[in-house]
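Residue-level structural notes
Listed here are the chains, written in short residue letters.
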Amino acid sequence: MQLNLAWAHWQYRSTKCLAEVDEMFALQNCCITLIGTSNLPLHGSSVKSNIRGVAVMAIKQEYIEVEVHDLGTQAKMVVIPGGVFTMGTDEPAIQQDGEWPVRKVHVNSFYMDRYEVSNEDFERFVNSTGYVTEAEKFGDSFVFEGMLSEEVKAEIHQAVAAAPWWLPVKGANWKHPEGPDSNISNRMDHPVLHVSWNDAVAFCTWAGKRLPTEAEWEYSCRGGLENRLFPWGNKLQPKGQHYANIWQGVFPTNNTAEDGYKGTAPVTAFPPNGYGLYNIVGNAWEWTADWWAVHHSTEEVHNPKGPSSGTDRVKKGGSYMCHKSYCYRYRCAARSQNTPDSSASNLGFRCAADTSPELP
């Protein structure tokens, strides 16, 4: 439930009040600030509540005031239970990506963000730290041609030779995804874009989290299913329902947006997988912690972290631009890569953690 500023009063009767407040808001995505009497044992201290909010005690008369703030999607993580799964595929759709061979991988339990990091989440980080993304420092970022205005396209005289629909746009960054004449005012609940791997790591560190390993990401993507193409099974549209934000039509010239979105969708859109993760494929590519490699051992391994060095980092999940005819990478086993300083209009991330973090 999304909450605006709210107030509630409780008569101070016992030291159980904090627990009572937690119970009342346990199912809500909120941060609580408690203001209580000086007789409270917790007076003057900051304590972590059961809902990962922060309770701060101060002197007040005979009642407890509770200020409730929505913390956005970053307050919501899910526990991914440890287990063993079959990573990769022996039927690779894109040979050069190193999707194969299959191998048994053991993963310890961990926490995973239920949603992709949103513009609202990233704005909170920037406002708190003054962080400047690499796209902002470089002065440009890559944007899909189909999302640009004619005015912006008229100023561009170069493209990526192998993929001419990717254009370097001056002034494109997370706040201006399609260049200077665009903004995110009506997309605060969409995934943040134009974030490099380095930017993602900075955010995760600030939030007390980290990027998931490729193995953790793929394990959580599968949602408890084994040897399935997608997080929900083998059929792309079970009973005709869209389960992910990908390209419909003819890529790259005609996106019919049958799933309801031409570009990104809100991070809460579409049904979650078996672990409760939303948009784990499609919508925006997601960075992982691993360096990129295309050759994998068939030996059974525990909690692999990828190569010790490299030039590119692994990204997973595909994006709203993916179509089977060109980028069939919205499968759990699919993978791709970029240099750690790369950014683009279809590239975001979500965080993982070993324990439930205290929110900043």
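Residues numbered from 1 in each chain as written. Predicted model: local features only at pLDDT ≥ 70, side-chain atom pairs only at ≥ 80, totals over all residues. Heavy atoms only, no water.

1. So, the overall build of the chain
Convention followed: Here a strand is any run of E in DSSP of at least two residues, a helix any run of H or I of at least four, and the numbering for each starts at the N terminus. Whether a residue is buried, partly exposed or exposed follows from its accessible area with a 1.4 Å probe, protein chains only, as a fraction of its type maximum: under 20%, in between, or over 50%, in that order. Contact between two residues is taken to exist if any of their heavy atoms lie within 4.5 Å; hydrogens are not considered. Surface exposure here means Shrake-Rupley accessible area, sampled with a 1.4 Å probe, where a residue is shielded only by the protein chains that are shown.
For the chain, the helix and strand inventory stands at 6 helices and 19 strands. Evaluated residue by residue, the chain yields a buried proportion of 52% over its 360 residues. When contacts within the chain are restricted to residue pairs at least 6 apart in sequence, long-range pairs at least 24 apart make up 72% of them. When the accessible area of the chain is evaluated, it comes to approximately 16400 Å², of which 51% is carbon and sulfur surface.

2. Considerations on the pattern of salt bridges
Which entries qualify depends on this criterion: Any carboxyl oxygen of Asp or Glu within 4 Å of a side-chain nitrogen of Lys or Arg constitutes a salt bridge here.
What the rule picks out here adds up to 16 salt bridges. Across the pair Arg124 and Glu120 runs a salt bridge, and its minimum N-O distance is 3.5 Å. Of this pair, Arg124 and Glu120 both sit in helix H2 (residues 119-129), separated by 4 residues, roughly a single helical turn. Residue classification places Arg124 among the partly exposed positions, given a relative accessible area of 27%. The class for Glu120 is partly exposed, based on a relative accessible area of 29%. In this structure, the salt-bridge partner of Arg350 is Glu286, at a minimum N-O distance of 2.9 Å. Separated by 64 residues along the polypeptide, Arg350 in the loop between strand S18 (347-348) and strand S19 (352-353) and Glu286 in strand S14 (residues 285-291) bring together distant segments of the chain. The pair Arg350 / Glu286 is uniform in exposure class, with both members buried.

3. Considering the sheet that holds strand S8 (residues 103-107)
Quick reminder of the rule: Pairing between strands is defined by DSSP: at least two bridges between the two strands are required.
Strands sit in the order S7-S8-S15 across an open sheet of 3 strands; the sheet is mixed. Bordering the open sheet on either side are strand S7 (83-87) and strand S15 (301-302), each of which pairs with just one other strand. Sheet topology note: the S8/S15 ladder contains 2 bridges and is parallel. Directly across from His106, in S15, lies its bridge partner His302.

4. Remarks on the environment of Val132
As for its placement among the helices and strands, Val132 is situated in the loop between H2 and helix H3 (134-138). Residue classification places Val132 among the partly exposed positions, given a relative accessible area of 38%. Each C-alpha atom, one on Val132 and one on Asp199, is 8.5 Å from the other, the two residues being 67 residues apart in sequence.

5. Quick look at the nonpolar core
Under the convention used in this document: Only buried Ala, Val, Leu, Ile, Met, Phe, Trp, Tyr and Cys residues count toward a nonpolar core, and they belong to the same one when joined by side-chain atoms within 4.5 Å.
Counting residues in hydrophobic clusters, the biggest one holds 54 residues, and the most contacted among them are Ile80, Met112, Phe122, Phe203, Val281 and Phe349. Leave out the neighbours within four places in its chain, and Val281 touches Trp217, Cys221, Pro231, Trp232, Ala244, Gly317 and Tyr330. Counting 7 residues, the second-largest nonpolar core is a separate cluster that includes Val152, Ile156, Val169 and Ala172.

6. Some points on helix H6 (residues 214-222)
Burial within H6 is extensive, with 9 of its 9 residues counted as buried. Residues of H6 that are buried include every one of Glu214, Ala215, Glu216, Trp217, Glu218, Tyr219, Ser220, Cys221 and Arg222, and no others. On its buried face, H6 sits against strand S6 (77-80), S7, S8, strand S9 (110-113), S14 and strand S16 (313-316). Immediately beyond the C-terminal end of H6, within one or two residues, lies Gly223, with a positive phi of roughly 60°.

7. Remarks on the sheet that holds S6
In a beta sheet, neighbouring strands are held together by backbone hydrogen bonds and run either parallel or antiparallel to one another. Heads up, the rule is: An axis is simply a line fitted to the C-alpha atoms; with a helix, the fit covers only the stretch in contact. Between two such axes, the angle follows the N-to-C directions and lies from 0 to 180 degrees.
Taken in spatial order, the 3 strands line up as S6-S9-S19 in an open sheet, and their pairing is antiparallel. Of all the strands in the sheet, just S6 and S19 have a single pairing partner and so form its edges. Across 4 bridges, the pairing between S6 and S9 is antiparallel. Within S9, the residue paired with Met77 across the bridge is Asp113. Each of S6 and S9 touches H6; the most contacted strand, S9, lies at about 70° to it.

8. Here we look at unusual backbone geometry
Residues apart from glycine generally show negative phi values, whereas peptide bonds are mostly found in trans. Residue Pro101 is bonded to the preceding Trp100 through a cis peptide linkage, with omega at 0°. Structurally, Pro101 can be placed in the loop between S7 and S8. Phe251 connects to Pro252 through a cis peptide bond whose omega is 5°. Structurally, the position occupied by Pro252 is in the loop between strand S12 (249-250) and strand S13 (254-255). In this structure, Ala257 is a non-glycine residue whose phi angle is positive, near 55°. One non-glycine residue with positive phi stands out, namely Phe270, at about 70°. Relative to the helices and strands, Phe270 resides in the loop between S13 and S14. Exposure remark for Phe270: the relative accessible area of 16% places this residue in the buried category.

These results come straight from atomic positions and should not be treated as a statement about function.
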